[in-house]
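Now for the letters of each chain:
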Amino acid sequence: MKIRSTTPAAIAAAALLAATLPLAVAGSAQASGSDGRVIKTGSCSGSTSWKIKAKPDDGRIEVEAEIDSNRTGQSWDWVLLHDGGVTARGTSVTRGRSGSFSIERRTVDADGTDRFTFRAVNPATDEVCVAKVAL
(Lines give C-alpha, C1' and ligand atoms only; values in the text may rest on other atoms or scores of the structure.)
Protein backbone atom coordinates (compact mmCIF):
# COMPACT_ATOMS: atom_id res chain seq x y z
CA MET A 1 0.00 0.00 0.00
CA LYS A 2 1.36 3.42 -1.01
CA ILE A 3 1.12 6.36 1.34
CA ARG A 4 0.68 9.76 -0.25
CA SER A 5 1.76 12.93 1.39
CA THR A 6 -0.45 15.89 0.64
CA THR A 7 0.89 18.19 3.30
CA PRO A 8 1.56 21.75 2.23
CA ALA A 9 5.31 21.16 2.63
CA ALA A 10 5.24 18.10 0.35
CA ILE A 11 3.20 19.95 -2.27
CA ALA A 12 5.56 22.94 -2.13
CA ALA A 13 8.61 20.67 -2.49
CA ALA A 14 7.09 18.92 -5.51
CA ALA A 15 6.22 22.26 -7.12
CA LEU A 16 9.75 23.57 -6.54
CA LEU A 17 11.27 20.43 -8.07
CA ALA A 18 8.96 20.65 -11.11
CA ALA A 19 9.87 24.32 -11.62
CA THR A 20 13.65 23.88 -11.35
CA LEU A 21 14.12 20.58 -13.19
CA PRO A 22 13.88 22.13 -16.69
CA LEU A 23 16.60 24.62 -15.73
CA ALA A 24 18.95 21.86 -14.61
CA VAL A 25 18.42 19.90 -17.81
CA ALA A 26 19.01 22.97 -20.00
CA GLY A 27 22.47 23.33 -18.50
CA SER A 28 22.84 27.06 -18.82
CA ALA A 29 23.37 29.84 -16.36
CA GLN A 30 22.44 33.47 -16.85
CA ALA A 31 23.83 36.63 -15.37
CA SER A 32 22.80 40.24 -15.96
CA GLY A 33 24.89 43.32 -15.37
CA SER A 34 23.92 46.85 -14.43
CA ASP A 35 24.96 47.95 -17.94
CA GLY A 36 22.21 45.81 -19.50
CA ARG A 37 24.63 42.98 -20.36
CA VAL A 38 23.27 39.42 -20.38
CA ILE A 39 25.64 36.45 -20.19
CA LYS A 40 24.66 32.80 -20.53
CA THR A 41 26.85 29.71 -20.32
CA GLY A 42 26.29 26.03 -20.94
CA SER A 43 27.53 22.72 -22.25
CA CYS A 44 27.55 21.32 -25.76
CA SER A 45 26.62 17.78 -26.76
CA GLY A 46 30.14 16.59 -25.79
CA SER A 47 32.74 17.97 -23.39
CA THR A 48 32.89 21.46 -24.93
CA SER A 49 31.35 24.50 -23.23
CA TRP A 50 29.88 27.70 -24.66
CA LYS A 51 29.30 31.27 -23.51
CA ILE A 52 27.20 33.97 -25.16
CA LYS A 53 26.98 37.65 -24.18
CA ALA A 54 24.79 40.47 -25.43
CA LYS A 55 24.80 44.12 -24.42
CA PRO A 56 23.53 47.47 -25.69
CA ASP A 57 26.21 49.41 -27.58
CA ASP A 58 25.50 52.93 -28.91
CA GLY A 59 22.03 52.11 -30.28
CA ARG A 60 23.11 48.68 -31.50
CA ILE A 61 23.63 45.32 -29.79
CA GLU A 62 27.04 43.73 -29.34
CA VAL A 63 26.92 39.94 -29.30
CA GLU A 64 29.90 37.76 -28.44
CA ALA A 65 29.91 33.96 -28.49
CA GLU A 66 32.70 31.66 -27.37
CA ILE A 67 33.38 27.94 -27.80
CA ASP A 68 35.87 26.36 -25.39
CA SER A 69 36.84 22.76 -26.18
CA ASN A 70 40.23 22.76 -24.40
CA ARG A 71 41.69 21.32 -27.61
CA THR A 72 43.74 23.46 -29.99
CA GLY A 73 43.31 23.03 -33.75
CA GLN A 74 39.66 21.97 -33.92
CA SER A 75 37.64 23.43 -36.80
CA TRP A 76 34.07 24.54 -36.05
CA ASP A 77 31.37 25.68 -38.49
CA TRP A 78 29.10 28.27 -36.89
CA VAL A 79 26.12 30.50 -37.55
CA LEU A 80 24.72 33.47 -35.58
CA LEU A 81 20.98 34.10 -35.87
CA HIS A 82 19.21 37.32 -34.86
CA ASP A 83 15.46 36.91 -34.44
CA GLY A 84 15.64 33.78 -36.62
CA GLY A 85 17.58 35.33 -39.53
CA VAL A 86 21.24 34.69 -40.32
CA THR A 87 23.43 37.58 -39.16
CA ALA A 88 26.80 35.89 -39.70
CA ARG A 89 28.32 32.51 -40.44
CA GLY A 90 31.79 31.13 -40.75
CA THR A 91 34.38 28.57 -39.75
CA SER A 92 36.76 29.11 -36.83
CA VAL A 93 39.62 27.10 -35.37
CA THR A 94 40.27 26.70 -31.65
CA ARG A 95 43.56 28.30 -30.65
CA GLY A 96 45.76 29.13 -27.69
CA ARG A 97 46.22 27.34 -24.42
CA SER A 98 42.47 27.37 -23.79
CA GLY A 99 41.58 25.68 -27.09
CA SER A 100 38.82 28.18 -27.77
CA PHE A 101 37.55 30.70 -30.28
CA SER A 102 35.12 33.58 -30.09
CA ILE A 103 33.17 35.67 -32.53
CA GLU A 104 31.88 39.19 -31.98
CA ARG A 105 29.27 41.06 -34.00
CA ARG A 106 27.37 44.34 -33.65
CA THR A 107 23.80 44.12 -34.88
CA VAL A 108 20.85 46.44 -35.27
CA ASP A 109 18.69 46.83 -32.15
CA ALA A 110 15.23 45.80 -33.37
CA ASP A 111 12.00 46.82 -31.66
CA GLY A 112 11.13 44.67 -28.66
CA THR A 113 13.23 41.77 -27.41
CA ASP A 114 16.17 40.76 -29.61
CA ARG A 115 16.83 37.00 -29.61
CA PHE A 116 20.17 35.55 -30.65
CA THR A 117 21.11 31.93 -31.32
CA PHE A 118 24.69 30.83 -31.87
CA ARG A 119 25.09 27.30 -33.24
CA ALA A 120 28.50 25.67 -33.74
CA VAL A 121 29.27 22.20 -35.11
CA ASN A 122 32.57 20.35 -35.06
CA PRO A 123 32.41 18.26 -38.27
CA ALA A 124 35.20 15.95 -37.10
CA THR A 125 33.35 14.87 -33.94
CA ASP A 126 29.73 15.84 -34.75
CA GLU A 127 29.63 17.76 -31.46
CA VAL A 128 26.96 20.49 -31.50
CA CYS A 129 26.73 23.65 -29.39
CA VAL A 130 23.61 25.81 -29.24
CA ALA A 131 23.72 29.05 -27.23
CA LYS A 132 20.77 31.40 -26.89
CA VAL A 133 20.42 34.83 -25.33
CA ALA A 134 17.73 37.52 -25.37
CA LEU A 135 18.16 41.23 -24.73
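Okay, so let's go over this structure.

1. Topic: the overall build of the chain
Right, on to step 1. When its secondary structure is counted, the chain shows one helix and nine strands.
Right, on to step 2. Expressed as a percentage of its 135 residues, the buried residues of the chain come to 29%.
Right, on to step 3. For the chain, contacts bridging at least 24 residues in sequence account for 46% of all contacts bridging at least 6.
Right, on to step 4. Working note: accessible area of the chain is about 8,400 Å², and carbon and sulfur atoms make up 52% of it.

2. Considering the pattern of salt bridges
Right, on to step 1. A full pass over the atoms with the stated rule returns two salt bridges.
Right, on to step 2. A salt bridge links Lys 53 to Glu 64, with the shortest nitrogen-to-oxygen separation between them at 3.5 Å. Of this pair, Lys 53 sits in strand E3 (residues 49-57) while Glu 64 is found in strand E4 (residues 60-68), placing the two residues eleven residues apart along the sequence.
Right, on to step 3. Looking at Lys 53, the relative accessible area reads 21%, which means it is partly exposed.
Right, on to step 4. Two residues, Asp 57 and Arg 106, come together in a salt bridge whose shortest N-O distance is 3.4 Å. One end of the pair, Asp 57, is in strand E3; the other, Arg 106, is in strand E7 (residues 100-108), with 49 residues separating them in the sequence.

3. Thoughts on the state of the cysteines
Right, on to step 1. Inspection of the entire model under this criterion finds one disulfide.
Right, on to step 2. Note on cysteine connectivity: Cys 44 is disulfide-linked to Cys 129, with sulfurs 2.0 Å apart. Handedness here is read from the sign of the S-S torsion; for Cys 44 and Cys 129, about 105°, the answer is right-handed. With Cys 44 in the loop between strand E2 (38-43) and E3 and Cys 129 in strand E9 (residues 127-134), the pair connects residues that are 85 residues apart, well separated along the chain.

4. A few points about the sheet that holds E9
Right, on to step 1. Strand order in this open sheet of four strands is E6-E5-E8-E9, and the pairing throughout is antiparallel. Each edge of the open sheet is held by one strand with a lone partner, namely strand E6 (85-93) and E9. Across this sheet, the average inter-strand angle for adjacent strands is 15°, counted without regard to direction.
Right, on to step 2. As paired elements, strand E5 (residues 75-82) and E6 share eight bridges and run antiparallel to each other. Paired with Ser 75 across the strands is Val 93, a residue of E6.

The rules behind each value
- Along each chain, numbering runs from 1 in the same order as the chain's sequence is written.
- The predicted nature of this model means local features are confined to residues of pLDDT at least 70 and side-chain atom pairs, given and counted, to a pLDDT of 80 or more, with totals for whole chains, interfaces and linings taken over all residues.
- Side-chain numbers here rest on the full set of heavy atoms in the structure, without hydrogens or water.
- Every helix listed is a DSSP run of H or I at least four residues long, and every strand listed is a run of E at least two residues long, numbered separately from the N terminus.
- Each residue is assigned to one of three classes by its accessible area relative to the maximum for its type, calculated with a 1.4 Å probe on protein chains only: buried under 20%, partly exposed between the two thresholds, exposed over 50%.
- Here, two residues are considered to be in contact whenever any of their heavy atoms come within 4.5 Å of each other.
- Surface accessibility in these figures is a Shrake-Rupley result with a 1.4 Å probe; residues are shielded only by whichever protein chains are displayed.
- Should a side-chain nitrogen of Lys or Arg be within 4 Å of a carboxyl oxygen of Asp or Glu, the pair is scored as a salt bridge.
- Here, the term disulfide refers to a pair of cysteine sulfur atoms separated by no more than 2.5 Å.
- Any two strands between which DSSP finds at least two bridges are classified as paired.
- In this analysis an axis means a line fitted to C-alpha atoms, helices contributing only their contacting stretch, and an angle means the value between N-to-C directions, from 0 to 180 degrees.

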